[in-house]
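# Structural overview
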Amino acid sequence: GSTHHVQLSPEKLVQALCQVDAQMSQLVQLFELSESEKRLRHLLVTLFQEVFSEFFPECAILPFGSSVNGFDIHGCDLDLFLDLEKTKTFQANAKEPQGAQVRMDVLGTKSNPLQAKEGAGPDSDSEDSILSDIDLTTATVPEVLELVAAVLRKCVPGVHSVQVVHSARRPVVKFCHKDSGLLGDISINNRLALCNTRFLQLCTEADERVRPLVYTLRYWAKQQALGGNRFGGGPLLNNYALTLLVLFFLQTRSPPALPTLAQLRELTEDKDQAIVDGWDCSFPQDMLRLEPSANTESLCSLLAEFFRVFGDHDFAGCVISLQEGRALPLPSFLLSEVGAKFKLGPFNVQDPFELSHNVAANVNEKIVQRFQHCCRDGAKYCRSLQYQRKSSKGKAWGLVRLFQPGVPEAEEVGPDGLLITIPFMLMACWFDKVCAAITFVLKDVLKCSCMGPAGEPLGQEPTEQSGGEQPRSDERGSLAVSPAKKRPRVEGPVPEEEESVSWNCAVWHRVWMGRRRVRRQLRHLGSPQPDTEQEAGSLEVEEKVSEAIIQQEGESLGAEPLLRFTACARVGGGQEDTRTLLYFTPAPQQGPLFQDFYHFLQGFLPRMVERYVGRAVWGRQ
Ligand code: ATP
Ligand code: MG
């Protein structure tokens, strides 16, 4: 007889059962906008459309960017394009009979001579209104944006913090929607972004692996402090550039998982033809003419391959072209017309349409190096069993370990973290020694106290003390630093490499202030230590200095410490690298005081740690 059950293809079955694939798909579900979030955005767009139509007849408010390109995440900004083309025509036509212009009355009753024909001219009963007359064909972008900002401020309910940002590559008006907290931008000269938004959308429709792969890599990049747009600008890889890199990767698989733009152009019909700002933006508007890809790689292996491929890619030596689906060698590219205008950098990703635009021109050398380093780490991890197999012992597996945060380099640290780099010579257990030294300096030299991570008992002191040097604890508990050691035990071929130790500390006294003066006083009192002209004396002297400062401050020990922070030490680099990266995270709202303390630590801590480790190593002899 004939059976009617649905046939699962072997590929589908493998994909459904492969754990990492499931994790990647779940990531999309966790991050993407919910139906109600989408509805809110839609309502806002409708509201904006209604209000702006009153002032700019026949204008269109068009959403672009992550709200609509298929890579939406909770709370992503709402990018809007205000299309004034038809308004210009409208204005030009209306001008002829009576020389009218778009009339702005952004206070009280709105009137628009272009629209309200029956009104016969502007409202005369709104004396204190701001009247702005503007000719859209001659007005500059800043002028129009100021007008847009005025409309937003005065006439759109529930919107606040309206601000024109002229400095950006594409100037925008920023705003915030009060009830939802949604942030948004309105731009007026960014029609290309509508095209690239549609292109990204088309890619997500063309292959269902696109979204999980992009979401995974965006999150990975954010965790490694390589990417994200949170503070705008900066040297990090922006979401758009990273997404294009993933699409390029899929174009260059064998067989390809996505077509190139040149191939897409061949499938266009007359209605798809589009030239925007002089660039050919033609590609099919729907999927119907696209052949399904012959590529059947799983998400799990695509992710591993992404890391492998880009860990060794020569980003500075070529230009990534989605137009052609290949990396263009620099010499010939630079001779081309678009190449002459292209802003070359260490990371070169050509916009798919605006071919002379490097979308990653902001990325600096350091970030590229770390991107590659992280890719190589990722590739190595993806070869381990831990990546593909769920751990039976509740350990991080699959994507989870890939998403463990990385530590940025000093130059890249944002306002929410600070960093100290401690250089060291090679020796056995060097990292343990450095951690013991950090504990000693924080606890005994600087008299900080330490809570230890929540729920964890105060840990064992590292046992590397030498030369009779035992860390002492203050009875009042004003000083107990407990390093919480996390050593991931690793299955499979990945070597043990990722060590980190963290300290939760509280500072009760201004031990960073006036140390030089106290040091001088101690010397007068006959302390035998010869002080250097430099900042710091020996470990013993520095301990005494702290004690003296605490004594001078008096026992004004409040219920609350002056500062709280977490310090996290990690092995800095590769096998031969004995740098320790110490990453500081202050508790919220400690601003200037923590900055002072940190500036002091920057100079003081590495020197003290070096001294301590030097003694641990040489003291035995
Ligand atoms: P998210 O807002 O979630 O970070 P997004 O894609 O919306 O993602 P935005 O920075 O808001 O990113 O940019 C909005 C749109 O502007 C992008 O989708 C893209 O179309 C365009 N865009 C952003 N950055 C660039 C760039 N460096 N070069 C060219 N176009 C860009
Ligand atoms: Mg956006």
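Everything below is about the structure printed above this text.
In short, a report on the structure.

What counts, and at which threshold
Residues numbered from 1 in each chain as written. Chains lettered and ligands numbered in written order. Predicted model: local features only at pLDDT ≥ 70, side-chain atom pairs only at ≥ 80, totals over all residues. Heavy atoms only, no water. Helix = DSSP H or I, 4+ residues; strand = E, 2+ residues; numbered from the N terminus. Buried < 20%, exposed > 50% of the residue type's maximum accessible area, 1.4 Å probe, protein only. Contact = heavy atoms within 4.5 Å. Areas by Shrake-Rupley, 256 points an atom, 1.4 Å probe, with all protein chains shown as cover. Salt bridge = Lys/Arg side-chain N within 4 Å of Asp/Glu carboxyl O. Pairing = 2+ DSSP bridges. Core = buried A, V, L, I, M, F, W, Y, C linked by side-chain atoms within 4.5 Å. Donors = N, O, S within 2.8 Å, 3.2 Å for Na, K, Ca; no water. Expected span 1.5 Å × (residues − 1). Near = heavy atom within 4 Å. Polar contact = N/O pair within 3.5 Å; in protein donor to acceptor, adjacent residues only side chain to side chain. Nonpolar A, V, L, I, M, F, W, Y, C, P; charged D, E, K, R; others polar. Axes fitted to C-alpha atoms, helices over the stretch in contact; angles between N-to-C directions. Parallel < 35°, antiparallel > 145°, perpendicular 65-115°, else oblique. Left-handed = near helix turned anticlockwise from the far one by under 90°. Phe/Tyr/Trp six-rings, centres within 6.5 Å; stacked < 30°, edge-to-face > 60°.

The next point concerns the overall build of the protein chain. The helix and strand inventory of the protein chain stands at 19 helices and 17 strands. Put simply, the protein chain has 621 residues, and 49% of those count as buried. Across the protein chain, the fraction of contacts at a sequence separation of at least 24, relative to all contacts at a separation of at least 6, is 69%. Working note: accessible area of the protein chain is about 29,900 Å², and carbon and sulfur atoms make up 53% of it.

Okay, the pattern of salt bridges next. Tallied over the entire structure, the rule returns 24 salt bridges. We note a salt bridge from lysine 174 to aspartate 185, for which the minimum N-O separation is 3.0 Å. Of this pair, lysine 174 sits in strand β6 (residues 172-177) while aspartate 185 sits in strand β7 (residues 183-187), placing them 11 residues apart in sequence. Overall, the relative accessible area of 13% leaves aspartate 185 in the buried class. Between arginine 253 and glutamate 305 there is a salt bridge, with its nearest N and O atoms 3.0 Å apart. Taken together, the residues arginine 253 in the loop between α8 (239-251) and α9 (261-266) and glutamate 305 in helix α10 (residues 299-311) connect sequence positions 52 residues apart. Here the two residues arginine 253 and glutamate 305 agree in accessibility, since each one is buried. Among the charged side chains, a salt-bridge network with shared partners connects Glu269, Lys271, Asp272, Asp286 and Arg289.

Time to look at the pairing of strand β5 (residues 159-165). Of the strand pairs in this sheet, β5 and β6 are connected by five bridges, and their pairing is antiparallel. Within β6, the residue paired with histidine 160 across the bridge is cysteine 176. Here β5 folds back onto β6, and the loop between the two strands holds six residues.

A few words on the nonpolar core. Core analysis: the biggest nonpolar cluster contains 76 residues, and Phe199, Leu213, Trp220, Phe307, Phe310, Phe347 and Phe371 have the highest contact counts within it. If you tally residues by element for this core, the top one is α8, at 10 residues. Among all residues touching phenylalanine 307, those that are not within four sequence positions of it are Leu217, Trp220, Cys375, Gly378, Ala379, Cys382 and Leu402. By size, the runner-up hydrophobic cluster in this structure holds 39 residues, among which are Cys448, Cys505, Phe594 and Val613.

Attention now moves to the coordination of the magnesium ion (ligand 2). At the metal site, the magnesium ion (ligand 2) is ligated by Asp77 (OD) and Asp79 (OD), and these contacts range over 2.0 to 2.2 Å. Overall, aspartate 77 belongs to the partly exposed group, its relative accessible area being 30%. What makes aspartate 79 buried here is its relative accessible area of 10%.

Moving on to α10. For α10, which comprises 13 residues, the first-to-last C-alpha distance of 18 Å matches the rise-based estimate of 18 Å (1.5 Å per residue) to within 8%. Of all 13 residues making up α10, 10 are buried, and the element is well covered by its neighbours. Those residues of α10 that sit buried are Leu299, Cys300, Leu302, Leu303, Ala304, Glu305, Phe306, Phe307, Phe310 and Gly311.

Looking now at the site of ligand 1. The local shell around ligand 1 holds 17 residues, among which Ser66, Asp77, Asn196, Asn239 and His357 are the closest. The side chain of aspartate 79 places a nitrogen or oxygen atom 3.0 Å from an oxygen atom of ligand 1. Side-chain polar atom of asparagine 196 to an oxygen atom of ligand 1: 2.4 Å apart, as the coordinates give it. When ligand 1 sits alone it has 580 Å² of accessible area, and the protein chains cover 81% of it. Looking at the shell around ligand 1, the elements with two or more residues in it are α6 (191-206) and α8. Its residues assigned to classes, the shell around ligand 1 comprises five nonpolar, eight polar and four charged.

Assignment of secondary structure puts glutamine 388 in helix α14 (residues 385-388). Along the backbone, glutamine 388 and cysteine 300 are 88 residues apart, and their C-alpha atoms lie at a distance of 7.9 Å. Setting aside anything within four residues of it in sequence, one finds glutamine 388 in contact with Gln19, Val20, Cys300 and Cys382.

What follows covers the packing of helix α3 (residues 35-55) against helix α5 (residues 141-155). It is at 11 Å that the axes of α3 and α5 come closest, and there the two elements cross at 120°. In terms of their interaxial angle, α3 and α5 are classed as oblique. Of the two elements, α3 crosses α5, and the hand of that crossing is right-handed. Contacts between α3 and α5 involve Phe48, Val51, Phe52 and Phe55 on the former and, on the latter, Val148, Val151, Leu152 and Cys155.

Mapping glutamine 91 onto the fold places it in helix α4 (residues 85-98). Residues glutamine 91 and phenylalanine 56, 35 residues apart in the sequence, show an inter-C-alpha distance of 9.1 Å. For glutamine 91, the side chain forms a polar contact with the main-chain nitrogen of leucine 136, separated by 2.8 Å.

As a further point, take the packing of aromatic side chains. Counting across every chain of the model gives 30 aromatic pairs. With a centroid separation of 5.0 Å and an interplanar angle of 35°, the aromatic rings of phenylalanine 440 and tyrosine 612 are classed as tilted. With phenylalanine 440 in helix α16 (residues 430-445) and tyrosine 612 in helix α19 (residues 591-618), this pair connects stretches of sequence that are 172 residues apart. One exposure class covers both phenylalanine 440 and tyrosine 612, and it is buried. Through a chain of ring-to-ring contacts, three or more aromatic side chains come together here, namely Trp220, Phe249, Phe306, Phe307, Phe310, Phe315, Phe347 and Phe371.

In spatial order, the strands read β1-β2-β7-β6-β5; together these five strands make up an open sheet with mixed pairing. Bordering the open sheet on either side are β1 (60-64) and β5, each of which pairs with just one other strand. Each neighbouring strand pair of the sheet contributes to a mean axis angle of 25°, computed without reference to strand direction. Sheet strands touched by α5: β2 (78-83), β5, β6 and β7. Its angle to β5, the strand with the most contacts, is close to 175°. Along the sheet, α6 makes contact with β1 and β2, crossing β1 at roughly 45°.

By themselves these figures say nothing about function.
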